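A closer look at the structure
Next come the chains, spelled out residue by residue.
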Amino acid sequence: MSTVQKKRKEIHAAIRNAAIQEFARNGLSGTSTQAIAQTAGITKAQLHYYITSKEELYQDVLSDIVEAYKDIFFLSASRDDPALAITQYIERKVRHTLEFPDLSRFFANEIARGAPEMTPHWGALKAAVEEANAVIQQWVDSGKIAPVDPLLFQMNIWAVTQHYAEYEAQARVLMGKPNDEPLDADRIIAEATQLFLRRCGLKEA
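Below, the structure is looked at part by part. Counting restarts for each chain: residues are numbered from 1 in the order of the written sequence. Whole-chain, interface and lining totals are the exception, using all residues; otherwise, since this is a predicted model, local features are given only for residues with pLDDT of at least 70 and side-chain atom pairs are given and counted only at 80 or more. Excluded from the side-chain calculations are hydrogens and water; all other atoms, namely the structure's heavy atoms, are used.

1. Regarding the overall build of the chain
Applicable threshold: A helix here means a DSSP run of H or I that spans at least four residues, while a strand means a run of E at least two residues long, and both kinds are numbered starting from the N terminus. Each residue's exposure class comes from its accessible area (1.4 Å probe, protein chains only) as a fraction of the maximum for that residue type: buried when under 20%, exposed when over 50%, partly exposed otherwise. In this analysis, two residues are considered to be in contact whenever any of their non-hydrogen atoms come within 4.5 Å of each other. Method for areas: the Shrake-Rupley scheme with a 1.4 Å probe, in which residue coverage is limited to the protein chains shown.
Summing up its helical and strand segments, the chain has 10 helices and 0 strands in all. Ordered by position from N to C terminus, the α and β elements of the chain give α-α-α-α-α-α-α-α-α-α. Seen through its principal axes, the chain has C-alpha atoms that stretch 60 × 40 × 40 Å. Split into buried and exposed, the 205 residues of the chain put 40% on the buried side. The contacts of the chain with a sequence gap of at least 6 include a subset with a gap of at least 24, amounting to 66%. When the accessible surface of the chain is totalled, it reaches about 11300 Å², and 51% of it is carbon and sulfur.

Written out as structure tokens, the structure reads:
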């Protein structure tokens, strides 16, 4: 990779990270391209060299989030072992949430305002969720887990695992963790894993 290519890649990454941060805090309408440029450490003119509009950038980030959530779903090697699948899924979800809290807040803010920008992305998200529903229902039908509502089971996992980003300030106060210390991922994962495995009548993998 040439020096110029490397520099462009670094600027693209800075723009994306700045956009996530600003959109997570202020939403689409409350974010200006000037704010994105300033957070990215570039000029507004430089920013517009790399993007067409903030709306297109917002859509790009939404697409990335949906793809990331699809990748975290537990639908590959462990689908025949519910305890392992659920354990791995919760761990991946919690660690992703804690590592990229602004992504969770970005997505939560979009949904909370009625998801006006999600129209192009619902199809991919619903397809992934329905595939997971089918796997969970198969576990139920074959007696591998106690009866659960596959969709609500997934949604409840999201609610628990994403809580620590969407309500980070509250979690930090209640857990006694200052902003310069990471939240205890292992503690969160252990509790969430036991909660959902027990709901399924399973023991830890």
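Past the structure itself, the notes keep going.
2. Remarks on the pattern of salt bridges
Oppositely charged side chains can form a pair if their charged atoms are brought close together. Cut-off, in case you're wondering: Throughout this description, the term salt bridge denotes a Lys or Arg side-chain nitrogen within 4 Å of a carboxyl oxygen of Asp or Glu.
Applying the stated rule across the entire model yields 8 salt bridges. In this structure, the salt-bridge partner of Glu110 is Arg113, at a minimum N-O distance of 3.0 Å. Judged by relative accessible area, Glu110 falls into the buried class, the value being 0%. A residue is classified by how much of its surface remains accessible, and Arg113, at 39% relative accessible area, is partly exposed. Sharing partners across several salt bridges, the network here consists of Asp102, Arg105, Glu168 and Arg172.

3. Observations regarding the packing of helix H5 (residues 82-99) against helix H10 (residues 185-199)
Cut-off, in case you're wondering: Here the axes come from fitting lines to C-alpha atoms, over the contacting stretch only for helices, and the angles between their N-to-C directions go from 0 to 180 degrees. The crossing is said to be left-handed when, going from far helix to near helix, the turn is anticlockwise and less than a right angle, and right-handed when the turn is clockwise.
Here H5 crosses H10 at 145 degrees, and the two axes come no closer than 9 Å. For the pair H5 and H10, the crossing hand works out as right-handed. Packed against H5, whose contacting residues are Ala83, Ile86, Thr87, Ile90, Glu91, Val94, Arg95 and Leu98, the element H10 presents Ala185, Asp186, Ile188, Ile189, Ala192, Thr193, Phe196 and Leu197 at the interface.

4. Considering unusual backbone geometry
In this model, Ala115 sits at a positive phi of 55 degrees, which is unusual for a non-glycine residue. Given the relative accessible area of 10%, Ala115 is considered buried.

5. Topic: helix H2 (residues 33-40)
So the rule is basically this: By definition, the arc is the one covered by directions from the helix axis to the C-beta atoms.
Regarding H2, the residues found buried are Thr33, Ile36, Ala37 and Ala40. The buried side chains of H2 occupy one side of the element, clustering within an arc of 95 degrees when seen end-on. Of the surrounding secondary structure, the elements contacted by the buried residues of H2 are helix H1 (3-26), helix H3 (44-50) and helix H4 (54-72). Gly41, located one to two residues past H2, shows a positive phi value of around 80 degrees.

6. Description of the layout of surface pockets
Vacant regions in the atomic arrangement are exposed by a probe of water-molecule size rolled over the atoms. Heads up, the condition is: Residues are called lining when one of their atoms sits within 4 Å of a cavity or pocket point, these points coming from a 1 Å grid over the protein atoms alone, where a cavity is a set in which a 1.4 Å probe fits but cannot get out and a pocket is an open set with protein on both sides within 12 Å along at least five of seven lines. Grid points are joined across faces, edges and corners, and a volume is the space filled by probe spheres set on the points. Under the convention adopted here, Pro, Cys and the residues Ala, Val, Leu, Ile, Met, Phe, Trp and Tyr are nonpolar, Asp, Glu, Lys and Arg are charged, and Gly plus all remaining residues are polar.
Considering only enclosed or pocket space, the largest pocket measures out at about 450 Å³ in volume. Every residue lining the largest pocket is counted, 18 residues in all, and those nearest its centre are Phe107, Trp122, Leu125, Met155 and Trp158. Of the residues belonging to the lining of the largest pocket, the class tally is 12 nonpolar, 2 polar and 4 charged.

7. So, a nonpolar patch on the surface
What counts is decided by this rule: What makes a patch is a set of residues exposed beyond 30% relative accessible area and free of salt bridges, joined within 9 Å when like-charged and within 5 Å when nonpolar (Val, Leu, Ile, Met, Phe, Trp, Tyr).
On the surface, Leu151, Leu152 and Met155 cluster together to form a nonpolar patch covering roughly 250 Å² of accessible area. Examined against the element boundaries, Leu152 turns out to sit in helix H8 (residues 150-166). Looking at Leu152, the relative accessible area reads 44%, which means it is partly exposed.

8. Points about the nonpolar core
To keep things clear, this is the line we draw: To define a nonpolar core, start from buried Ala, Val, Leu, Ile, Met, Phe, Trp, Tyr and Cys residues and group those joined through side-chain atoms within 4.5 Å.
Counting 51 residues, the largest nonpolar core has Ile15, Phe23, Ile86, Phe106, Ile145 and Phe153 as its most contacted members. Looking at this core, the elements that each hand over two or more residues are H1, H2, H4, H5, helix H6 (101-112), helix H7 (122-141), H8 and H10. The biggest single contributor to this core is H4, with 8 residues. Setting aside its immediate chain neighbours within four residues, Phe153 contacts Ile86, Ile136, Val148, Phe196, Arg199 and Cys200.

9. What to know about the packing of aromatic side chains
For clarity, the cut-off: Classification of ring pairs rests on two measures: the distance between centres of Phe, Tyr or Trp rings, Trp counted by its six-membered ring, which must be within 6.5 Å, and the angle between planes, read as stacked under 30 degrees, edge-to-face over 60 and tilted in between. A ring is scored as having a charge over it whenever the NZ atom of a lysine or the CZ atom of an arginine sits within 6 Å of its centre and within 35 degrees of its normal.
Scanning all chains against the criterion turns up 6 aromatic pairs. With a centroid separation of 4.8 Å and an interplanar angle of 80 degrees, the aromatic rings of Phe23 and Tyr58 are classed as edge-to-face. Of the two residues, Phe23 sits in helix H1 while Tyr58 sits in helix H4, which places them 35 residues apart along the sequence. Judged by relative accessible area, which is 1%, Phe23 ranks as buried. For the pair Phe23 and Phe106, a centre-to-centre distance of 5.7 Å together with 85 degrees between the ring planes defines the contact as edge-to-face. With Phe23 in helix H1 and Phe106 in helix H6, this pair connects stretches of sequence that are 83 residues apart. Given a relative accessible area of 1%, Phe106 falls into the buried group. Of the aromatic side chains, those joined through ring pairs into one cluster are Phe23, Tyr58 and Phe106. Over the ring of Tyr69 we find Lys93; its NZ or CZ atom is 4.6 Å from the centre of that ring.

By themselves, these are just geometric observations and shouldn't be taken as functional.
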